[in-house]
Amino acid sequence: MWQTLRRNPGAFGGALLLHLLLAALMLVGVDWLVRTEDVHTKPRVIQAKIISSEAVEAEVERLRKAEEERQAERQRTEQELEKLKAEEKQEQQRLQALEEERRRREQETERQRAEEEQVRQEEAERLARLKDEQADLKRQSQEEAKRLAELEAKRKQEEAAHRQAEVERKAAEE
């Protein structure tokens, strides 16, 4: 509260001044209500005129024509209002159709995004499987190469042993 007072000292001063003014008016006893006796102190005078029946009939005819004109104007206004309501309804239908088209497009776009994401995910899974298969094949080829190398070493060792035995046999024969 004190921060608000520090930021707006004018507002506080205005509120304080208004409250002091109201308290002073209450102490003085200002009468806020107007009495009806004071308002109607002067008598009302009516000026009467004598009017002929032709003037009355002419005035009645003038008033009837004015009423007919008002009725015709009211009908024109109502027709225009109906026309505007029909136009507004058409506009609302058009806007609703546009909104539905926009929603349909958004749904289509979202569906396409989902399909693309699914394709990307499937492609990533396929690539992961291929990498795993490639790693397995590489591991198998390394094992096969190691096995072949061991077999080759064993064969060479056997050949060397066989040649050694052949040399020893020939040496023993001589």
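Rules and cut-offs
Residues numbered from 1 in each chain as written. Predicted model: local features only at pLDDT ≥ 70, side-chain atom pairs only at ≥ 80, totals over all residues. Heavy atoms only, no water. Helix = DSSP H or I, 4+ residues; strand = E, 2+ residues; numbered from the N terminus. Rg over C-alpha atoms; globule rule 2.2 N^0.38 Å. Buried < 20%, exposed > 50% of the residue type's maximum accessible area, 1.4 Å probe, protein only. Areas by Shrake-Rupley, 256 points an atom, 1.4 Å probe, with all protein chains shown as cover. Lys, Arg positive; Asp, Glu negative; His and termini not counted. Charge placed at Lys NZ, Arg CZ, Asp CG, Glu CD. Salt bridge = Lys/Arg side-chain N within 4 Å of Asp/Glu carboxyl O. Patch = residues over 30% accessible without salt bridge, like charges linked within 9 Å, V, L, I, M, F, W, Y side chains within 5 Å. pLDDT = per-residue confidence, 0-100. Expected span 1.5 Å × (residues − 1).

Structural notes on the overall build of the protein
Within the protein, the regular secondary structure consists of four helices and zero strands. N-terminal to C-terminal, the α/β element order of the protein is α-α-α-α. For the protein, the C-alpha radius of gyration of 55 Å lies well beyond 16 Å, the compact-globule estimate for 174 residues. Dimensions of the protein along its principal axes, counting C-alpha atoms only, are 180 × 60 × 20 Å. Within the protein, buried positions represent 0% of all 174 residues. Working note: accessible area of the protein is about 17,300 Å², and carbon and sulfur atoms make up 56% of it. Averaging the locations of the 36 positively and 42 negatively charged side chains of the protein gives two centres separated by 4 Å.

Describing the environment of Glu117
Among the structural elements, Glu117 can be located in helix 4 (residues 53-173). Note on Glu117: relative accessible area 42%, which makes it partly exposed. Along the backbone, Glu117 and Ala23 are 94 residues apart, and their C-alpha atoms lie at a distance of 74 Å.

What to know about the pattern of salt bridges
Under the definition given, this model contains 24 salt bridges. With a shortest N-O distance of 2.5 Å, Arg70 and Glu67 are connected by a salt bridge. Note that Arg70 and Glu67 are positioned in helix 4 at a spacing of three residues, about one turn of the helix. According to the relative accessible area criterion, Arg70 is partly exposed, its value standing at 46%. Given a relative accessible area of 31%, Glu67 falls into the partly exposed group. Measuring nitrogen to oxygen at the nearest pair gives 2.3 Å for the salt bridge that ties Glu144 to Arg147.

Side note on a nonpolar patch on the surface
Together, Phe12, Leu16 and Leu20 give the surface a local cluster of nonpolar side chains, amounting to about 320 Å² of exposed area. Along the chain, the position of Leu16 falls in helix 2 (residues 9-28).

So, the confidence of the model for the protein
Summarising the model, the protein shows a mean pLDDT of 87, and 91% of its residues fall at 70 or more. For the protein, per-element mean pLDDT is lowest for helix 3 (residues 36-39), which scores 56, and highest for helix 4, which scores 93.

Topic: helix 2
Helix length check: helix 2 (20 residues) gives 29 Å between terminal C-alpha atoms against 28 Å at 1.5 Å per residue, within 8%. Directly beyond the C-terminal end of helix 2, a positive phi value near 85 degrees is found at Gly29.

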